[in-house]
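What the coordinates show
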Amino acid sequence: MSTQVETIERITRDNAAVCLIDHQVGLLSGVRDITIDELKHNVVGLAKAARVLGMPTIVSTTAKDVLWGPTFPELVAVLDTKQYPIIDRMTMNAWDEPHFVKAVEATGRKHLIFAGITLQVCAALPAYSALAAGYKTYVAVDASGMFRATLRQVGVARIQQAGVIPVDYFSIMCEIMATNADPLANEVYAALDLDFATLMGQINEAISNREKSKR
C-alpha cells in the first residue's frame, strides 16, 4: 500500500497577495486591544514591504460614505491605488462583494494574507471564504484590531480552528523574502520599520567607518 506525501507549497512573492480590509478611520477609533499607533505602524509596514516585493495589495472599505469613513491616510499614502483601486462595499464579508473577488482572482495569486478591523469580521470572514474557494489564507493578527482584548483571543482561536493561519506582519514578510542576500532586503527591512533593525544598521555603519579610518 503506497502512501501519498503532500507537497506544501511555500509562500513567495510570486504566489501571494495582501488583502487589507476596512482599515477605516471610524473603525480605527474603536480599537482597544492594540494601540492605534502600533496598529497603523504594522499595517503600513505590511503594505510597504509587499509593494517593495512586487506583491499585489487589494484594499476594501465598507460603507465608507455612510458609516465608517475612508481608509486612514497613512495607509493610502503607501498604496498603489491606480493599479489597485480601493473597493467600497456594503457586505460584512468582503468575499461577498463580486468586485473584491474579481480583483483577487485577477492577481493570479493563491496565498492570501488578510488583515482588517475587526480581526474576527473584516479579516476572518473573507479568509474563511477564500479558504473554502481553494486559496491558502493567513491573517496578520498584529495588523488587525479588535474592540476588546478578549475578542482577540477568541478571534485567533477561531481562525486557527477554521484552518486559517495566524501570522505577524514582520515574520510573514521575512518568510516571503526568504534570504538576506536579496537585493531588496534593505528596502524590505526599512519598510517593516523595526527600531532595533535601524539601530543595528547604525552600529554596522559606525564599525565600517571606523575600519575605513584605520586604513
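Located above this text is the structure these notes cover.
Residues numbered from 1 in each chain as written. Predicted model: local features only at pLDDT ≥ 70, side-chain atom pairs only at ≥ 80, totals over all residues. Heavy atoms only, no water.

Okay, the overall build of the protein chain next. Looking only at helices and strands, the protein chain features ten helices and six strands. Against the 2.2 N^0.38 benchmark of 17 Å for 215 residues, the protein chain shows a C-alpha radius of gyration of 19 Å, consistent with a compact globule. Of all 215 residues assigned to the protein chain, the portion counted as buried reaches 47%. Excluding contacts between residues fewer than 6 apart, the proportion of contacts in the protein chain whose partners are at least 24 apart in sequence is 80%. In the protein chain, which carries 20 positive and 23 negative side-chain charges, the distance between the mean positions of the two groups comes to 3 Å. (Helix = DSSP H or I, 4+ residues; strand = E, 2+ residues; numbered from the N terminus. Rg over C-alpha atoms; globule rule 2.2 N^0.38 Å. Buried < 20%, exposed > 50% of the residue type's maximum accessible area, 1.4 Å probe, protein only. Contact = heavy atoms within 4.5 Å. Lys, Arg positive; Asp, Glu negative; His and termini not counted. Charge placed at Lys NZ, Arg CZ, Asp CG, Glu CD.)

Counted residue by residue, strand 1 (residues 16–21) has six buried out of six residues, so it is predominantly covered. Pairing between strand 1 and strand 4 (residues 111–116): six bridges, direction parallel. Note on strand 4: the bridge partner recorded for Ile21 is Gly116. Relative to strand 2 (residues 57–62), strand 1 runs parallel, the two sharing four bridges. Counted as the bridge partner of Ile21 is Ser60 from strand 2. (Pairing = 2+ DSSP bridges.)

All right, on to the packing of aromatic side chains then. Under the defined criterion, the tally for this structure stands at two aromatic pairs. Pairing Trp95 with Phe100 gives two aromatic rings, centres 6.2 Å apart and planes at 75 degrees, and the pair type is edge-to-face. On the basis of relative accessible area, Trp95 is assigned to the buried category, the value being 13%. Under the relative-accessibility criterion, Phe100 is labelled buried at 0%. Look at Trp95 and Tyr135: their rings are 5.6 Å apart centre to centre, the planes differ by 75 degrees, and that puts the pair in the edge-to-face class. Note that Trp95 is positioned in the loop between strand 3 (87–89) and helix 5 (98–107) and Tyr135 in the loop between helix 6 (119–132) and strand 5 (136–140), a separation of 40 residues in sequence. Here Trp95 and Tyr135 have matching classes, each one buried. Taken together, the ring pairs in this structure connect Trp95, Phe100 and Tyr135 into an aromatic cluster. (Phe/Tyr/Trp six-rings, centres within 6.5 Å; stacked < 30°, edge-to-face > 60°.)

With the rule as written, the count across this model stands at five salt bridges. A salt bridge links Arg13 to Asp182, with the shortest nitrogen-to-oxygen separation between them at 2.6 Å. With Arg13 in the segment before strand 1 and Asp182 in the loop between helix 8 (169–177) and helix 9 (185–192), the pair connects residues that are 169 residues apart, well separated along the chain. Summarising the burial analysis for this pair, Arg13 and Asp182 share the class buried. The salt bridge involving Lys64 is made with Asp65; its shortest N-O contact spans 2.9 Å. Overall, Asp65 belongs to the exposed group, its relative accessible area being 66%. (Salt bridge = Lys/Arg side-chain N within 4 Å of Asp/Glu carboxyl O.)

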